[in-house]
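In case you want the letters, here they are:
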Amino acid sequence: MNDIKTLLNSLGLADSAFSGGTLAVRSPIDGALLGAVHEASADEMRAAIARAQAAQLAWRIVPAPRRGELVRLFGEELRRHKQNLARLVSLEAGKVTSEGEGEVQEMIDICDFAVGLSRQLHGLTIASERPGHRMMEQWLPLGVVGIISAFNFPVAVWAWNAALALVCGNSCVWKPSEKTPLTALATQALFERALARFDGAPAHLSQVLNGGAAVGEAMVDDHRVALVSATGSTRMGRAVGPKVAARFGRCLLELGGNNAIIVSPSADLELAVRGILFGAYGTAGQRCTTTRRVIIHESIHDELVARLDRARAQLKIGSPVEAGTLIGPLIDQAAFDAMQQALAAAREQGGEVSGGERALAAQYPHAWYATPALVRMPAQTAVVRQETFAPILYTLKYQSLEEAIALQNDVPQGLSSAIFSNDLREAELFVSAAGSDCGIANVNIGTSGAEIGGAFGGEKETGGGRESGSDAWRAYMRRATNTVNYSSALPLAQGVKFEI
Ligand code: UN1
């Protein structure tokens, strides 16, 4: 407990920020109480949105490269506090040390990206059909951006949204996962340090409000929130999407995945084994990009499955902050129970399960560790088509690549996918219009661990949103088409006459 207090203080949090509240925070590592934070009410959310709206009115007229300067300063704070924030990610979300550090690195990377972007929020000039006229397209600040984030990337996904939203001239209101409020508060404290070093930013440019569904709902229902960017389960997205649509707000959804890797006979099996193991079992299977299915050509199926199963059994499970651990805990008992239910369903549907038992129960009776599971499935049954947020890998067999691609696509989700193949034709078919239907389709790397430079997101039940790199910034701006007449006549478009 002392340890955590020192850590939180070092990140700029006063004791009152993490004690005395009603939202208890427990570490998934051992169940220890890390703090008790204030839970906001729906009214507090509405008041925060009002403050955010005032902040945005001032921020939108600050030149974009100046706005970039604030994000640059924030990136500096993140660099300075990388180890400590990463440690907090490990303690609160259960990520192994290198993944906690990777998460903060991802925040730093998106800040760098956003700083560059702040000088490139470019529009278009379009040829007008009328003489003495010019048409242009501008991208202008949108308003208040609401961010709902999940426990598994408790701070990086917020940073993808916030860094872009801020350089685009918006203010942000953040509702983090109830399971990870401390990393959110610490991130907010670091942001405020950057703000204090910046001359000319309005107060309340970024705010965080912890709490449950009622706080999230107050954000989702509020017409002053121009964009709701929500990361989490498809169930959550189904609740959020229609509400935002009903008030004609904008939504950016990043929901469930059910990501597959196809392994062809020409694959480099060494690479494939490593890519599959990290994809399936890294982060204890709790990434939206986790590899949940591997579709293997029949000629190499038995050999590859045997190798995966042997390697699976060797992966070191333990406290994520101990050196050498590859697999940390599940976030809570509900996650463990959901894993057991999926494995029971898989058995009923003809699956042969290895692993998947509770681990380290004697050492950590109040935490939920599980051995990674590999399930040989006879077919892509109902349980395989659903996302279970746990380290379960289903193996399937194929004969023709067309069949493999059809299997890969025949799930409700469409986030990430990959093929391991050294055959150019196969690889190109996989990334073609007749290939993977996902937002991310990789060749000879796994399904998870995307860089921030590309647009991140997926199709179908994944929600269709794109965050992070490429031109994802456009979601945080509004497009204005301007026609400027610099002649002294008033010709109408399409040759319409209206003589007065
Ligand atoms: C998520 O799991 O919500 O590609 C995001 C990845 C990470 C992001 C995952 N960069 O695995």
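Residues numbered from 1 in each chain as written. Predicted model: local features only at pLDDT ≥ 70, side-chain atom pairs only at ≥ 80, totals over all residues.

## Here we look at the UniProt feature "domain: Aldehyde dehydrogenase" (unreviewed entry) in the protein chain
Under the local residue numbering, the UniProt record ascribes the feature "domain: Aldehyde dehydrogenase" (unreviewed entry) to residues 21-479. Across residues 21-479, the secondary structure splits into 39% helix and 21% strand, with the terminal C-alpha atoms separated by 42 Å. (UniProt positions renumbered as here; feature names shortened; annotations may be inferred. Helix = DSSP H or I, 4+ residues; strand = E, 2+ residues; numbered from the N terminus.)

## Quick notes on the pairing of strand 8 (residues 225-231)
Burial analysis of strand 8 places 6 of its 7 residues in the buried class, which makes it a mostly covered element. Note that strand 5 (residues 144-148) and strand 8 share 5 bridges and pair parallel. Looking at the pairing, I148 lines up with A230 of strand 8. Relative to strand 9 (residues 250-254), strand 8 runs parallel, the two sharing 5 bridges. Across the sheet, the residue bridging to L227 is R250, located in strand 9. For the segment spanning strand 8, helix 10 (residues 234-246) and strand 9, crossover handedness is right-handed. (Buried ≥ 20, exposed ≤ 12 C-beta atoms within 10 Å, placed from the backbone. Pairing = 2+ DSSP bridges. Right-handed = clockwise from strand over helix to strand, strands pointing away.)

## A look at the UniProt feature "active site" (unreviewed entry) in the protein chain
Mapped onto this numbering, the UniProt entry gives "active site" (unreviewed entry) at E254. The residue E254 is located in strand 9 in this model. Classification of E254 by C-beta neighbours within 10 Å gives buried; the count is 30. Setting aside residues no more than four positions away along its own chain, E254 makes contact with T231, C288, G457, G463, G465 and E467. (Contact = placed C-beta atoms within 7 Å.)

## Comments concerning the pairing of strand 2 (residues 33-37)
By the bridge criterion, 4 bridges tie strand 1 (residues 23-26) to strand 2 in an arrangement that is antiparallel. Its bridge partner lying in strand 2, L23 is registered against V37. Taking the residues that link successive antiparallel strands as the turn, the strand 1-strand 2 hairpin has 6 residues, and the phi of G31 there is positive, at about 80 degrees.

## Focus on the domain arrangement of the protein chain
Taken as a whole, the protein chain is organised into domain 1 (1-255 + 463-481) and domain 2 (259-443). The straight-line distance from the C-alpha centre of domain 1 to that of domain 2 is 30 Å. Listed by partner, the interface residues are 14 residues for domain 1 and 17 residues for domain 2. Among the residues making up the side of domain 1 that touches domain 2, the classes are represented as 4 nonpolar, 5 polar and 5 charged. (Domains from an automatic or database assignment. Nonpolar A, V, L, I, M, F, W, Y, C, P; charged D, E, K, R; others polar.)

## Overview of the sheet that holds strand 3 (residues 124-126)
Within the open sheet, the 3 strands sit side by side as 3-4-23. Their pairing is antiparallel. For this open sheet the edge positions go to strand 3 and strand 23 (477-485), each flanked by a neighbour on one side alone. Along the sheet, successive strands turn relative to each other by an average axial angle of 25 degrees, direction set aside. Where strand 4 (residues 133-141) meets strand 23, 9 bridges bridge the pair, whose relative direction is antiparallel. In the sheet register, Q138 faces strand 23, and the bridge partner there is A480. (Axes fitted to C-alpha atoms, helices over the stretch in contact; angles between N-to-C directions.)

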